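# Structural description and commentary
Residues per chain, in single letters:
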Amino acid sequence: MYHCVKHGSSQVRLDSSMKKILIIANWKSNKNEKEAWEWLSYFESEMHPESVEGKEIIICPSFPLLPVVKSFIKSHGAKIRIGAQDISSFNKGAYTGEVNGNQIKEYAEYVLIGHSERRKELGESDELLEKKVGQALESELKPIFCVEDKNTFIPQNIRLVAYEPVFAVNSGNPDTPKNANTVAEKIKRNHAIEYVMYGGSVTGKNVHSFTQMPHVNGVLVGRASLDPKEFIEIIKHV
Ligand code: PGA
């Protein structure tokens with residue numbers, strides 16, 4: 001199935017049938033090593049390989065758990081990708097408490113940047129987020145840039161966007177699939193963006209209503225990703 005997406009004055013042809021659906025678990029500030037290992041063990045034993053076909057499963061744990069998830073994947077041959085939840089806006093050096101792109105790169109392939117919780121609770125500005133994106137790209141990490149609406153500033157060279165309206169995050173009150181699709185379509189039209197995921201109160205029950213939309217290429221899941229059973233339900237029903 002082809003969608004024609006207008007980009008500038010030219011028509012860009014996207015073959016959506018060749019695209020993978022991205023299903024991203026954002027564990028936020030949850031889980032210790034034991035809990036992460038238990039989650040992964042349950043997931044690996046219950047997830048049937050055919051349910052992940054055509055889907056890219058990305059787990060974003062907090063920094064101390066990155067080596068734990070990596071080591072689990074290595075020892076079990078699990079088909080899971082790793083993302084970090086943040087990145088320093090600086091390169092290596094005298095920046096106490098910061099975790100830089102080259103350190104993250106040892107464990108992760110993706111990195112979330114611009115999550116609304118960091119914008120709100122930590123006052124992250126567009127300028128800072130642009131620097132973080134620069135650091136991620138320099139370290140050859142794939143930034144997943146979170147936006148709150150169609151007008152949120154998106155730095156250059158971003159290919160993956162997560163549309164997460166603030167009212168829907170961690171509230172049990174998701175956006176409508178129709179609106180998510182409209183916003184995703186606008187983002188793709190205004191930028192050279194290939195993938196737009198929807199995030200905000202996604203569950204096994206509502207996931208399909210979002211992923212069936214032509215411009216929604218996956219989901220970013222917070223609360224419902226903490227329980228591996230529920231996360232498997234989401235993957236199955238995409
Ligand atoms: P939620 O969080 O699924 O708990 O709403 C989504 C997110 O913040 O990434």
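For the structure itself, look to the data block above.
Described in the following lines is the structure provided in the data block.

Rules behind the numbers
Residues numbered from 1 in each chain as written. Predicted model: local features only at pLDDT ≥ 70, side-chain atom pairs only at ≥ 80, totals over all residues. Heavy atoms only, no water. Helix = DSSP H or I, 4+ residues; strand = E, 2+ residues; numbered from the N terminus. Expected span 1.5 Å × (residues − 1). Buried < 20%, exposed > 50% of the residue type's maximum accessible area, 1.4 Å probe, protein only. Arc of directions from axis to C-beta. Near = heavy atom within 4 Å. Polar contact = N/O pair within 3.5 Å; in protein donor to acceptor, adjacent residues only side chain to side chain. Areas by Shrake-Rupley, 256 points an atom, 1.4 Å probe, with all protein chains shown as cover. Axes fitted to C-alpha atoms, helices over the stretch in contact; angles between N-to-C directions. Parallel < 35°, antiparallel > 145°, perpendicular 65-115°, else oblique. Left-handed = near helix turned anticlockwise from the far one by under 90°. Contact = heavy atoms within 4.5 Å.

An ideal rise of 1.5 Å per residue puts 20 Å on 14 residues; helix 6 (residues 177-190) measures up with 20 Å between its terminal C-alpha atoms. Inspection of helix 6 places Ala180, Asn181, Val183, Ala184, Ile187 and Lys188 among the buried residues, and these make up the whole buried set. All buried residues of helix 6 fall inside an arc of 165° around its axis, so they share one side. More than 90 degrees from the buried face of helix 6, the exposed residues found are Lys178 and Asn190.

So, about unusual backbone geometry. The phi torsion at Lys31 lies on the positive side, around 80°, for a residue other than glycine. For Lys31, the position within the fold is in the loop between strand 3 (21-26) and helix 1 (33-46). Of note in this structure, Asn157 is not a glycine but carries a positive phi near 70°. Here Asn157 is to be found in the loop between strand 7 (142-147) and strand 8 (160-163). Residue classification places Asn157 among the exposed positions, given a relative accessible area of 61%.

Next up on the list: the site of the ligand. Residues in contact with the ligand amount to 13 residues; listed here are only the nearest, Lys28, His115, Glu164, Asn170 and Ser201. Asn26 is positioned such that a nitrogen or oxygen atom in its side chain is 3.4 Å from an oxygen atom of the ligand. Taking Gly222, its main chain carries an N or O atom lying 2.8 Å from an oxygen atom of the ligand. Relative to its free-state accessible area of 280 Å², the ligand is covered by the protein chains to the extent of 98%.

Helix-helix packing is described using two parameters, namely the angle between the two axes and the distance between the axes. At a closest axis distance of 9 Å, the pairing of helix 1 and helix 8 (residues 228-237) adopts a crossing angle of 40°. Considering the angle they form, helix 1 stands oblique to helix 8. In the crossing of helix 1 with helix 8, the sense of the turn from one axis to the other is right-handed. Within the contact between the two elements, helix 1 uses Trp39, Tyr42, Phe43 and Glu46 and helix 8 uses Pro228, Lys229, Phe231, Ile232 and Ile235.

Bear in mind that shape data such as this cannot, by itself, settle questions of function.
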